[in-house]
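Close look at the chain arrangement
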Amino acid sequence: MTSLTSAPPASRTSPDRTPRSRLRFWRSPAGQPRWARPALLGIAALAALLYTWNITSSGYAPYYSVAARSMSVSWEAFLFTSLDPSAALTLDKIGGFLWPQALSARIFGFHDWALTLPQCVMGVISVLVMYRLVRRWQGPAAGLLAAGLLTVTPVAASMFGHAMLDGSVTMCLVLAADQYQRAVRSARLRSLLLCALWIGLGFQAKMMEAWVIVPALFVGYLVAAPVRLRRRLGQLALAGALMFTVSLSWVALMTFTPERDRPYVDGSTDNSAAAMVFGYNGFNRLHAGLIDGAALAAGAARTSPGPDSGRDQAPPKDRGTANDQDGRARGTGSPGPDGTGAPGPGPDGAPEPDGAGGTTGKQPRPDADSTSALKLFESSRYAPQIGWLYPLALCSLVYGLLRHRKAPRTDRTRAGYLMWGVWLIGTAALLSSFDFPHTAYLAPLAPPLAALAAAGTVALRRAHGKAESGVRVWVLPAVIVAETAWTVRLASDYTDFAPWLIPLTVAAALGAVLALTLRRTAARRRFAAAGLLAGCVAMFAAPTAWSLSVLNERHAGSAFDAAAGPLPAGLPTGKPSISHRPGAGDGPGGGAGPTGGVGAVGRDLRTSLTPAQSKLLGYVQKHDGDTEYTFSAENWEAAAPYIYAEGTPVLPLAGMHSTSVTLIEYRHLVASGDLRFALVTDAGSKASEIGSWVASACAEVDPRAYGGAAADAEPAPANDAPEAPAPSLYRCEPSDATSH
């Protein structure tokens, strides 16, 4: 009998693995094969290479990058995730995904690579944690394969290389699954609470998308946690309370902060953070009008809001009314500053390209299948970015559940299949139920697809090695054939991109089938490893080719849309051009918001002032005195150049869907001396009530006073649209607000 004080059994770790060897990070920990850590580091290095290769030309998402710049110079804007440094107007979503970007810009300066760097780090973290997740479940070989498959998922290869919100939520979901796995194995409340914390942080990054994992974790823990049902339910209730607390923290901040002391909520018609989060960014995308007070959800026709459209004309304390004095519903939009009613930027924060250097009211969808309920399988835009492993993952899920159907309730292997399966199927069902505007929405599918595909490959290989004869010998070859057929179907539309891919895939699949179906002989054992290798080539060559294509900037996607590999026929490509809508361009009020090909949006966005803009800003700063706002601009695009260049506290009168102040509030700012200058276009003075008041009540500044003559403006390139007339600068005195 062994005493309680006797020495523990000798470790299998080699004698040279002393505590000091922990500094040798390339060596595998005890209990793992020697090849595991070096292989993992190689996969992580590949991920880092893919994500950072184009980091210096990753570009900006025009709408979000303005907010990131504002948050990098103002802690108030950082807290409220505001579009402008003075925190007058929020984004049309929770901007928690911008917190790492803003901090990076504070440290390294405002550059596109500084905004992208946190996303690259998040991508590598996701890959490393993915290995740990699947290793605990199916062993180190499956863990390495899962990490590798996540790395070469095309949408992830592009997404983590650009400054966009989906990378943050993907990392949070992987970390939440990691803590869930710890919890379901030991029923530790601490791990379950950490899981809830990561989901809540993911909610700050992309709101309700972070909750897609909740059913999977709930079902998995309720079924498999090794404690009594009553305790399982109690722990889940505590974790749920923490998850909702963290998730709704920003909404609570906006709800309980007096309206006078916080920015207006863009994406709402009644200044409601809850309506913006759960309406515009949530249920209203499934069916319009489910949540009152939300702006028009993505996919619906709308126009760009003018400087005072969508807001009531009541004093600040009465901003709760739902309509303007003229009866228009708030937040529904009105003709823009040019009075044309031209469509505005896209619903997720960037101009919508039409392929000709302008903007349109449509998302860049190349095929009708993008709106189908089967879009994840049929769409030539979505399927190549995420769907290469569908057959393998689904076969793995079915095989795993059937094989372990009689296992004990707490069986860890079956619990893993259950969790990953519910995550995959639930997320796919949700994405199939509504029309989403960007391929990055597909990112939450990447972890379960990678995990199930890796687990299935390893589990089927083990089962094949034990099979003597009969049907079981043909299971793995049949799965390889099904996966190869699906790959050929997807790749057949892109033979010009990789003409070698289909022949290689078919040849590898044939070799795998021949090697894996040999009779039980010494030759079969000898060729089994070669057959598995050939099968992996057949199954994984296509997503790998698509992902490696991001090393070519043409195929790397953009900060507006994550897309690796060739774009489907009909989707615009090429260099961006500069739009010259009124209030956007090289003039004093310009915002050089690039449009054009999806793969190029934001790469040439100008973040420095033109000479004309610099002269205007210098004049205003010299004469504005101690004001809260340097000047007002008609919309966020007109304010963007000044925010980009110097973090200037410009007041944007219009955001993506809403306006920041009413006319009464605007006049109050002028009367109190918090605002003295305004940029107004001729069209804006006719279409906007605020612009009309400024033009009639305030004094126009002679352009010669700040060197604003037309001759000083930079000429537009020959291939750009004609530049709109520059806006006029007006000076408003406190007396103007009371006398008019």
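Attention now moves to a positive patch on the surface. Together, Arg403, Arg462, Lys466 and Arg472 give the surface a local cluster of positive charge. Looking at the secondary structure, you find arginine 472 in the loop between helix H18 (446-466) and helix H19 (475-491). Residue arginine 472 is classed as exposed on the basis of its relative accessible area, which comes to 66%.

Quick look at the side chain of glutamine 32 now. Note on placement: glutamine 32 falls in the segment before helix H1 (36-52). Within the structure, glutamine 32 has its side chain in polar contact with the side chain of tyrosine 131 (distance 2.7 Å). Setting aside chain neighbours within four positions, we find glutamine 32 in contact with Tyr131 and Arg135.

Once that is clear, we can look at helix H10 (residues 214-224). The set of residues buried in H10 consists of Ala216, Leu217, Gly220, Tyr221 and Ala224. Projection of H10 onto a plane perpendicular to its axis shows the buried side chains occupying an angular sector of 115 degrees, all on one side. Looking at the buried residues of H10, the elements they touch are helix H8 (166-186), helix H9 (189-206), helix H11 (229-247) and helix H17 (412-432).

Take the nonpolar core next. In terms of nonpolar packing, the biggest core is built from 181 residues, with Leu149, Phe203, Tyr221, Trp420, Phe631 and Leu729 touching the most fellow members. Filtering out sequence-adjacent residues up to four positions away, leucine 729 remains in contact with Leu616, Tyr619, Val620, Phe677, Ala678, Leu679, Ala699, Glu700, Val701 and Tyr706.

Attention now goes to the pattern of salt bridges. Considering all chains together, one arrives at 9 salt bridges under this definition. Between aspartate 166 and lysine 206 there is a salt bridge, with its nearest N and O atoms 2.3 Å apart. Of this pair, aspartate 166 sits in helix H8 while lysine 206 sits in helix H9, placing them 40 residues apart in sequence. The exposure classification of aspartate 166 matches that of lysine 206, with both residues buried. As a salt-bridge pair, lysine 686 and aspartate 682 come within 3.4 Å of each other at their nearest N and O atoms.

Time to look at the pairing of strand E7 (residues 728-731). The pairing of strand E5 (residues 677-680) with E7 spans 4 bridges and is antiparallel. In the sheet register, phenylalanine 677 faces E7, and the bridge partner there is arginine 731. Bridge analysis of strand E6 (residues 699-700) against E7 gives 2 bridges, and the strand direction is antiparallel. Considered in E7, the bridge of alanine 699 is made with arginine 731.

The rules behind each value
Residues numbered from 1 in each chain as written. Predicted model: local features only at pLDDT ≥ 70, side-chain atom pairs only at ≥ 80, totals over all residues. Heavy atoms only, no water. Patch = residues over 30% accessible without salt bridge, like charges linked within 9 Å, V, L, I, M, F, W, Y side chains within 5 Å. Areas by Shrake-Rupley, 256 points an atom, 1.4 Å probe, with all protein chains shown as cover. Salt bridge = Lys/Arg side-chain N within 4 Å of Asp/Glu carboxyl O. Lys, Arg positive; Asp, Glu negative; His and termini not counted. Charge placed at Lys NZ, Arg CZ, Asp CG, Glu CD. Helix = DSSP H or I, 4+ residues; strand = E, 2+ residues; numbered from the N terminus. Buried < 20%, exposed > 50% of the residue type's maximum accessible area, 1.4 Å probe, protein only. Polar contact = N/O pair within 3.5 Å; in protein donor to acceptor, adjacent residues only side chain to side chain. Contact = heavy atoms within 4.5 Å. Arc of directions from axis to C-beta. Core = buried A, V, L, I, M, F, W, Y, C linked by side-chain atoms within 4.5 Å. Pairing = 2+ DSSP bridges.

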